[in-house]
Amino acid sequence: MDKGKLKEAVGRIIEQERLKIIDWSKAMASKPELGYKETQTAELIRAAFAGLGLPTRTGIAVTGVEGVLEGARPGPGLLFMGEMDAVVNRESSAADPVTGAAHLCGHHLQVGIMLGAALGLVQAGARDHFSGKVFFLGTPAEEFIEIEERLRLREQGKIRYLGGKQELVRLGYLKDKHLCVLVHAHSGLSQRKMLFGGMSNGFLAKSIRFQGKPAHAGVSPHEGINALNAACLAILNIHAQRETFREDDKIRVHPIITKGGDVVNVVPYDVRMETYVRGARLEAITDANAKVDRALRAGADAVGAKVAIQNIPGYLPLIQNPALSEIAKANAISLAGEEGAGAAGFEGGSTDMGDLSYLIPTRQPDSGGIRGNVHATNFEVADYEAAVIYPAKVMAMTVIDLLFEGAEEAKRVIREFKPEMTADQYLSFMQKVEES
Ligand SMILES: [Zn+2]
Ligand SMILES: [Zn+2]
């Protein structure tokens, strides 16, 4: 069979099995779970892999689940992921009534795309033509949330880093993976279209504690040190840095106060803040972070309080591999014409795909079929065909291009790729952030 025929066969099978594939997405949406707690989701994906006859492995970075499609001949390892975690938005009608978790980032669609591509490739017998392996992975904890709870998981030794893909690197999971792909839903893109080449910010997270001195707030405030005043000044000091942030660096600093005091008639002496420092370049994040630290310390200094700053490694900016984008884009156009593909712009958000993109060729195109915005109450699937079936076909075809007979395309992409860091350099970078 030639490559074109194989692509056609896979596309036909995905089309025939479209309802089954869409049902996987819907089943996942009906049981939204937060990062590192995606147990039912992982079981759903494991059962789907097993049903396709793929060897499975569970418990990867706590909840991750893998199914492996092994080609007839040896070759590169292609990591094809679907994120498993939900976000919290209690105003959404899709939210779990207890946890508030809801699939408003479209991760259930990603998983449908991954499983749909896996189904098409398996049932068309693609493995007979492949050199290398496809590692399908339901990957945990992309949303960087529930920071205190995850820091407790870290204390218990269950994780070291808060993001799932950071953990994949730490655990050496990337050792036999040479390329990686994932498709993400794009806000407001309702038609059948995929966007290529988008960028996103990196960030580091900060946990901050201002320590003052308790005293009676009415009788003897002069004997106290007001940690809430320190925090308020610190926030104003951060605002005063903003005119120094360059447009191109896309810096975003958005602190919240998570504890403003204990009781109203005692001078606040224990005040906690969290913030991200986001930016498009690592150097810009480091520069902005130094200014934020200065602002925090000055707030404390002004009232004689103390401040303890804990830096938590966030995500790296996303670098899309242009060669991978070209291959996938050509497949999108061959299925849906020029209308089926477009260019993505800059995203102010962040993803742990960024971390992987520093190490191996990585691509995260955006998919359509969505109304409203990700994480927002108005998010909804407008068209499952556009949101799941079309990208599943595009991705399956892309896998075929990469691994078909000798895997020459995958080898070319790998050869031309210049990593920003090795896995060891990445891990020492992470350690340096923690110690800063
Ligand atoms: Zn999200
Ligand atoms: Zn997401």
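This is a predicted model, so every value here is computed, not measured.

Analysis parameters
Residues numbered from 1 in each chain as written. Chains lettered and ligands numbered in written order. Predicted model: local features only at pLDDT ≥ 70, side-chain atom pairs only at ≥ 80, totals over all residues. Heavy atoms only, no water. Pairing = 2+ DSSP bridges. Helix = DSSP H or I, 4+ residues; strand = E, 2+ residues; numbered from the N terminus. Contact = heavy atoms within 4.5 Å. Axes fitted to C-alpha atoms, helices over the stretch in contact; angles between N-to-C directions. Salt bridge = Lys/Arg side-chain N within 4 Å of Asp/Glu carboxyl O. Buried < 20%, exposed > 50% of the residue type's maximum accessible area, 1.4 Å probe, protein only. Phe/Tyr/Trp six-rings, centres within 6.5 Å; stacked < 30°, edge-to-face > 60°. Lys NZ or Arg CZ within 6 Å of the ring centre and 35° of its normal. Expected span 1.5 Å × (residues − 1). Polar contact = N/O pair within 3.5 Å; in protein donor to acceptor, adjacent residues only side chain to side chain.

1. Looking at the sheet that holds strand β16 (residues 341-343)
- As summarised here, the arrangement of the 4 strands in space is β8-β19-β9-β16, forming an open sheet in which the pairing is mixed. The open sheet has two edge strands, β8 (184-185) and β16, and neither has a second partner.
- In this structure, strand β9 (residues 194-196) lies alongside β16, joined through 3 bridges in parallel fashion. If you follow Leu-195 over to β16, its bridge partner there is Gly-342.
- Across the sheet, helix α9 (residues 322-336) is in contact with β9 and β16; its angle to β9 comes to roughly 155 degrees.
- Of the strands in this sheet, β9 and β19 (366-367) are in contact with helix α11 (residues 384-403), which crosses β9 at around 50 degrees.

2. Considerations on the pattern of salt bridges
- Scanning all chains against the criterion turns up 27 salt bridges.
- Across the salt bridge formed by Lys-7 and Asp-401, the nearest N and O atoms sit 3.0 Å from each other. With Lys-7 in helix α1 (residues 3-16) and Asp-401 in helix α11, the pair connects residues that are 394 residues apart, well separated along the chain. The same class applies to Lys-7 and to Asp-401, which are both buried.
- Asp-270 is the salt-bridge partner of Lys-259, the closest N and O atoms lying 3.0 Å from each other. Placement of Lys-259 in strand β13 (residues 256-259) and of Asp-270 in strand β14 (residues 270-279) is noted, with a sequence separation of 11 residues between them.
- Shared partners join several salt bridges into a network, and the residues in it are Arg-209, Lys-259, Asp-262, Asp-270 and Arg-272.

3. A short note on the packing of aromatic side chains
- Inspection of every chain in the model, using the stated rule, returns 7 aromatic pairs.
- With a centroid separation of 5.0 Å and 90 degrees between ring planes, the pair formed by Phe-144 and Phe-203 is classed as edge-to-face. Separated by 59 residues along the polypeptide, Phe-144 in the loop between β6 (131-139) and α5 (147-155) and Phe-203 in strand β11 (residues 202-211) bring together distant segments of the chain. One exposure class covers both Phe-144 and Phe-203, and it is buried.
- Here Phe-203 and Tyr-276 contribute two aromatic rings whose centre-to-centre distance is 4.1 Å and whose plane-to-plane angle is 20 degrees, an arrangement assigned as stacked. Here Phe-203 is found in strand β11, whereas its partner Tyr-276 is found in strand β14, with 73 residues between them in sequence. By the burial criterion, Phe-203 is buried, and Tyr-276 matches it.
- One aromatic cluster in this structure is built from Phe-144, Phe-203, Tyr-276 and Tyr-315.
- Positioned above the aromatic ring of Tyr-384 is the side chain of Lys-26, whose terminal nitrogen or guanidinium carbon lies 4.9 Å from the ring centre.
- A cation sits over an aromatic face here: Lys-177 above Tyr-173, 3.7 Å from the ring centre.

4. Some thoughts on α9
- Helix length check: α9 (15 residues) gives 21 Å between terminal C-alpha atoms against 21 Å at 1.5 Å per residue, within 8%.
- Among the residues of α9, the N-terminal cap falls to Asn-321, whose side-chain oxygen and the backbone nitrogen of Ala-323 are separated by 3.2 Å.
- Where α9 ends, the next residue or the one after it, Gly-337, has phi of about 75 degrees, a positive value.

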